[in-house]
Amino acid sequence: MLLAVWAVLTLAALAFVATIGTNAPYADEWEFVPALLGDEPAGEWLWRQHNEHRMPLPRLVVLIYFKLTHDFRTGMFLQIAMLSALALGLMRLAGQLRGRPHWADAFFPVSLLHIGHWENFVMGYQVCFVLFATLSTLLAVVALRITRANAFRLGALAALLLMLLALTNGSGLVLVPPVGAWLVFVAVSLWRGGEKGKAILLLALTALPVVYVAAYFQGYHRPEHHPPPSTDAVRVATVTGEVLAMSLGMGLGAVWPLVAGGVIAVGVLTLARVLRGWKEPDQRLSGAGLIAVAAGVTGVALAIGVGRAGFEGWEDMGLWSRYSMLTWPLLGAAYLVWAKAGKKWVPITLCVAAALAFPGNTGTGMVNGGQVRADYNAIAADLAAGLSAEQITDASDPRRAFPRSHHGAQTERALRAIPLLRRDRIGIFAR
């Protein structure tokens, strides 16, 4: 049954992308067209700041797949492949930890592969968030499996994952302090066990993401269109709670305070479970790692709260489907902790919650996906009619779809990108 659920949801997500996806830039991707088409140096673009973020790893992935395929949809399918593989791997891991599979393990495909993730799925560049979700979840898995016997091997793997996380975007930086501190703790354990050489090497590996963080902020500037970080505790707490609630998707967005409260409750109960075995050295190593990863991911939600609570219309700033990939690892890690403990009620609760959110997530995906498809059809018709970039993006012309779509804020970028896309006959611009 589990494999059937996973397969059906994977195929449904692929069908969604195949139906809605268009070989054209979406939203922020308009800015990347010159670099992708060779009209500006790729090296400088890989490091260029985008809003609060530097994203060298995701941009390298995008650059490679676009050079190979010349198709913006490649990133959409890549996201599905990554999430499908993650869901399958976590289902199998939960069964191994428990000693046998359980129907509640369907939580993984139900929560990772629903089309409520539409905001990520329709933009290939959002592979940056899927990379974050995958790498941070793998970090939690490493923490769950670490013991004194394998401390160096898994500690080194964790240091590599942390470095890759830092390279994904600004969210990855938030995990560096807590996870780095845990790796120092692992290195101290190795030192005390007489493995001083391995301890020193692990410390050296841990230093790499710390050095990267220092480099990240060289020349960094706050985006001009962003307000200063908010100091209003109520606003910050509200937006942070919304982001935490998005871990189950927009399907339960109407009752986000209840969902956020549930996520926090599961987190507190899971923390108590982890601390129960603190006196055992192996469990202390593992527990410290799990706490570090959870602290980092929770810190990402808090950082979004601080950064977005200062905006006008802040009340809904955390209710974006794209944020689900940033906080989902909290639920995934909690599920695995309880599966390892042989307890069923938390995994069952999470699976039921994901199932309750599924219809709403599906509806959200269908409505928004349909609008995205309609907008692209209208833009394609304008292109086929021979309209210029200025005419296509003209906000004063009520017949034009571009200014009223999700692309509306990208006018200046599109004015530069459309002629380049036409020149290279990419997707709908080849008409």
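Residues numbered from 1 in each chain as written. Predicted model: local features only at pLDDT ≥ 70, side-chain atom pairs only at ≥ 80, totals over all residues. Heavy atoms only, no water.

Looking at an unreviewed UniProt entry, one finds the protein named Glycosyltransferase RgtA/B/C/D-like domain-containing protein, with Gemmata obscuriglobus as its source organism.

1. So, the overall build of the protein
Each helix and strand counted, the protein has 19 helices and zero strands in total. Its C-alpha radius of gyration of 22 Å places the protein within 12% of the 22 Å reference for a compact globule of 431 residues. With the C-alpha coordinates of the protein rotated into their principal frame, the extents come out at 70 × 45 × 45 Å. Long-range contacts, defined as pairs at least 24 residues apart, comprise 77% of the intrachain contacts of the protein with a sequence gap of at least 6. If you average the places of the 35 positive and of the 26 negative side-chain charges in the protein, the two averages end up 13 Å apart. (Helix = DSSP H or I, 4+ residues; strand = E, 2+ residues; numbered from the N terminus. Rg over C-alpha atoms; globule rule 2.2 N^0.38 Å. Contact = heavy atoms within 4.5 Å. Lys, Arg positive; Asp, Glu negative; His and termini not counted. Charge placed at Lys NZ, Arg CZ, Asp CG, Glu CD.)

2. Brief notes about the environment of arginine 73
Tracing the backbone through its elements, the reader meets arginine 73 in helix H5 (residues 73-98). For the pair arginine 73 and cysteine 351, spaced 278 residues apart in sequence, the C-alpha separation works out to 30 Å. A polar atom in the side chain of arginine 73 sits 2.8 Å from the side chain of aspartate 71. (Polar contact = N/O pair within 3.5 Å; in protein donor to acceptor, adjacent residues only side chain to side chain.)

3. A short note on the environment of glycine 267
Tracing the backbone shows glycine 267 in helix H14 (residues 256-276). Counting along the chain gives 144 residues from glycine 267 to threonine 411, while the straight-line C-alpha distance between them is 43 Å.

4. Re the layout of surface pockets
There is about 1400 Å³ of room inside the largest pocket. Lining of the largest pocket is provided by 48 residues; of these, Asn51, Glu52, His53, His226 and Arg308 occupy positions nearest its centre. Contributions of two or more residues to the lining of the largest pocket are made by helix H7 (118-121), helix H8 (127-145), helix H10 (170-174) and helix H15 (281-308). Take the lining of the largest pocket: its biggest share by element is seven residues, from H15. For the lining of the largest pocket, a count of residues per class yields 27 nonpolar, 14 polar and seven charged. Looking at the second largest pocket, its volume works out to about 410 Å³. (1 Å grid on protein atoms, 1.4 Å probe; cavity = no way out; pocket = protein on both sides within 12 Å on 5 of 7 lines; lining within 4 Å. Points joined across faces, edges and corners; volume = space filled by probe spheres on them. Nonpolar A, V, L, I, M, F, W, Y, C, P; charged D, E, K, R; others polar.)

5. Quick notes on empty space enclosed by the protein
One way to see where empty space is left: roll a probe the size of a water molecule over the atoms. The final tally for this structure, using the stated rule, is one cavity of 30 Å³ or more. The computed volume of the largest cavity comes to approximately 30 Å³. Forming the walls of the largest cavity are Glu29, Phe32, Leu36, Val62, Tyr65, Phe66, Phe72 and Tyr125. The leading source of residues in the lining of the largest cavity is helix H4 (residues 56-69), at three residues. Split by residue class, the lining of the largest cavity holds seven nonpolar, no polar and one charged.

6. Section: the packing of H4 against H5
Where H4 meets H5, the axes come as close as 9 Å, and the angle between the chain directions of the two elements is 120 degrees. The angle between H4 and H5 places the two elements in the oblique class. When you trace H4 past H5, the crossing you get is right-handed. Contacts from Val61, Tyr65 and Thr69 in H4 reach Thr74, Gly75 and Leu78 in H5. Of the residues contributing to the contact of H4 with H5, the split by class is three nonpolar, three polar and no charged. (Axes fitted to C-alpha atoms, helices over the stretch in contact; angles between N-to-C directions. Parallel < 35°, antiparallel > 145°, perpendicular 65-115°, else oblique. Left-handed = near helix turned anticlockwise from the far one by under 90°.)

7. Quick word on the nonpolar core
In a soluble, globular protein the nonpolar side chains are often hidden away together inside. The biggest cluster of nonpolar side chains holds 151 residues, and the ones touching the most others in it are Phe107, Phe108, Leu175, Val179, Trp182, Leu336 and Leu421. Residues in contact with phenylalanine 107, not counting those within four places in the same chain, are Trp328, Leu331, Gly332, Tyr335, Leu350, Cys351 and Ala354. (Core = buried A, V, L, I, M, F, W, Y, C linked by side-chain atoms within 4.5 Å. Buried < 20%, exposed > 50% of the residue type's maximum accessible area, 1.4 Å probe, protein only.)

8. Points about the UniProt feature "transmembrane region" (unreviewed entry) in the protein
UniProt annotation of "transmembrane region" (unreviewed entry) refers to residues 124-144, 151-168, 174-192, 199-217, 254-275, 287-307 and 319-338 when read in the numbering used here. With 91% helix and 0% strand, the stretch residues 254-275 has end C-alpha atoms that lie 34 Å from each other. Secondary structure content for residues 319-338 is 75% helix and 0% strand, while the C-alpha to C-alpha distance between its ends is 28 Å. (UniProt positions renumbered as here; feature names shortened; annotations may be inferred.)

9. A closer look at the side chain of histidine 117
Turning to its location among the elements, histidine 117 is positioned in the loop between helix H6 (107-112) and H7. Classification of histidine 117 by relative accessible area gives buried; the value is 1%. Beyond its immediate stretch of four places on either side in the chain, histidine 117 contacts Ser111, Leu112, Ser324 and Met325.

10. Observations regarding the packing of aromatic side chains
Aromatic ring pairs are reported here in terms of the distance separating the ring centres and the angle at which the planes meet. Following the criterion strictly, the structure yields 16 aromatic pairs and no others. Relative to phenylalanine 429, the ring of tryptophan 30 has its centre 6.1 Å away and its plane inclined at 90 degrees; by these criteria the two rings are edge-to-face. Highlighted residues: tryptophan 30 in the loop between helix H1 (2-20) and helix H2 (33-36) and phenylalanine 429 in the segment after helix H19 (411-423), separated in sequence by 399 residues. Side by side, tryptophan 30 and phenylalanine 429 carry an identical accessibility label, which is buried. Taken together, the ring pairs connect Trp47, Tyr212, Tyr216, Phe217 and Tyr220 into an aromatic cluster. Here arginine 54 stacks its cationic end above the ring of tyrosine 216, 5.8 Å away from the centre of that ring. (Phe/Tyr/Trp six-rings, centres within 6.5 Å; stacked < 30°, edge-to-face > 60°. Lys NZ or Arg CZ within 6 Å of the ring centre and 35° of its normal.)

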